Amino acid sequence: RSGIVYFGDDDNGYHVQLFSEMRKIKRIGTMGVAFVGGATHERCQVNETTGKVDLMYTNWVAGRRFPIDMASFAFHTDLLKGKKPPRFELVAKPGMSEDQFMGLLIDDVSEFEPLGDNCTRVYTYHVKSDIQNRTERSATDPIAKEIEMGL
C-alpha cells in the first residue's frame, strides 16, 4: 500500500484544508507553519519562472540544508522505494532532526512540491507557542495579517 506520511504533533492545530493539500503530493510537499521559531510563520519561496521551491523563509537556518519545521512537510511513501528506510538520529542536535531526515529523502529544496497556493496559505499552527516568543510582523506582510485575523 502507499500513502502520505505526515508527522502531526500534539502541540499543533490543523485546519482541515491541510489534509486536502497533502492529497496533492506526488513525492514530497512543503507548506507554511504559523508561530514557529519566534516568527509569525515560516514557509517556502517559489521561483515564479520555474515553479520550484528555491528558498525557505525561517528565522533559524544555522547551517541547515533544509531549514524546515517538522510540521511543514509530508511525503508519499513511493519516495521510499529503492531507498534505505530513513530514520531519525537518536542523538541529533536540537533543531537538526528535520534537516538530517530530509537529507535521507531528497538532495535539494527544489525537490519540494509547494502546497497551499505556493506556500502563501498556512494550515498548521503551533498552538503552544508563547506570545513572548513571537516576533512582530511586518506591516506589509499579508500572510502574517491573514494568520492573525484567522485566529
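Attention here is on the structure that accompanies the text.

Criteria and cut-off values
- Residue numbers restart at each chain and count upward from 1, following the sequence in its written direction.
- Restriction of local features to residues with pLDDT of at least 70 applies here, the model being predicted, together with a cutoff of 80 or more for giving and counting side-chain atom pairs; totals for whole chains, interfaces and linings are based on all residues.
- The side-chain figures draw on all heavy atoms in the structure; neither hydrogens nor water molecules are used.
- Definition of nonpolar core: a set of buried residues of the types Ala, Val, Leu, Ile, Met, Phe, Trp, Tyr and Cys, connected through side-chain atoms within 4.5 Å.
- Any residue under 20% of the maximum accessible area for its type is buried, any over 50% is exposed, and the rest in between are partly exposed; the area is computed with a 1.4 Å probe on protein chains only.
- In this description a helix means any DSSP run of H or I spanning at least four residues, a strand means any run of E spanning at least two, and both kinds are numbered starting from the N terminus.
- Whether two residues are in contact is decided by their heavy atoms, any of which lying within 4.5 Å being enough.
- Polar contacts, as counted here, are pairs of nitrogen or oxygen atoms within 3.5 Å of one another; within protein the pair requires one atom able to donate a hydrogen and one able to accept it, and residues that are adjacent in sequence qualify only if both atoms are side-chain atoms.
- Pairs of cysteine sulfur atoms within 2.5 Å are what we label disulfides.
- Pairing between strands is defined by DSSP: at least two bridges between the two strands are required.
- Geometry is summarised by axes, namely lines fitted to C-alpha atoms with helices restricted to the contacting stretch, and by angles between N-to-C directions that run from 0 to 180 degrees.

We now examine the nonpolar core. Of all hydrophobic cores here, the largest spans 17 residues; its most connected members are I28, M102, L105 and F112. When residues of this core are traced back to their parent elements, those giving at least two are β5 (39-46), β6 (53-57), β7 (73-76) and α2 (97-105). Element by element, the count of residues in this core is highest for α2, at three residues. Discounting residues that sit within four places of it in the chain, L105 has contacts with R27, I28, F75, L79, L80, K83 and P86. Y6, M31, A71 and L115 belong to the second largest nonpolar core, which has 11 residues in total.

What follows covers the side chain of T30. For T30, the location among the structural elements is in strand β3 (residues 28-30). The class for T30 is buried, based on a relative accessible area of 0%. Among the polar contacts made by the side chain of T30, one reaches the main-chain carbonyl oxygen of S72 at a distance of 2.8 Å. Non-local contacts of T30, meaning those with residues more than four positions away in its chain, are made with C44, V53, M56, I68, S72, F73, F112, E113, P114, L115 and C119.

Counted according to the given criterion, the structure contains one disulfide. Two residues share a disulfide in this structure: C44 and C119, whose sulfurs sit 2.3 Å from each other. Here the disulfide of C44 and C119 is right-handed, its torsion about the S-S bond being about 95°. Residue C44 is located in strand β5, and its partner C119 is located in helix α3 (residues 116-119); the two are separated by 75 residues in the primary sequence. Here the two residues C44 and C119 agree in accessibility, since each one is buried.

Our next topic: the sheet that holds strand β2 (residues 12-14). If you trace the five strands from one edge of the open sheet to the other, you get β2-β9-β4-β5-β6, paired in mixed fashion. The open sheet has two free edges, formed respectively by β2 and β6, since each of these has just one partner strand. Going from strand to strand, the sheet's axes swing by 20° on average, the running direction of each strand aside.

For the rest of this paragraph, the subject is the pairing of strand β4 (residues 32-36). Among the five residues of β4, five are classified as buried, and the element is accordingly described as predominantly covered. Of the strand pairs in this sheet, β4 and strand β9 (residues 122-126) are connected by two bridges, and their pairing is parallel. Within β9, the residue paired with A34 across the bridge is Y125. Note: β4 against β5, three bridges, orientation antiparallel. Each residue of the ladder has a partner; that of A34, found in β5, is H41. Hairpin connection between β4 and β5: a loop of two residues separates the two successive antiparallel strands, and G37 in this loop has a positive phi of roughly 60°.

Let us now look at the sheet that holds strand β1 (residues 4-6). Through backbone hydrogen bonds, the strands of a sheet pair up, either in parallel or in antiparallel fashion. With mixed pairing, the four strands of this open sheet are ordered in space as β1-β7-β3-β8. Looking at the sheet topology across the chains shown, the edges are occupied by β1 and β8 (113-114). Relative to β7, α2 is tilted by about 25°, and along the sheet it contacts β3 and β7.

Turning next to α2. Looking only at α2, the buried set comprises E98, D99, Q100, F101, M102 and L105. For α2, the elements touching its buried residues are β3 and β7.

That's the geometry; what it means functionally is another story.
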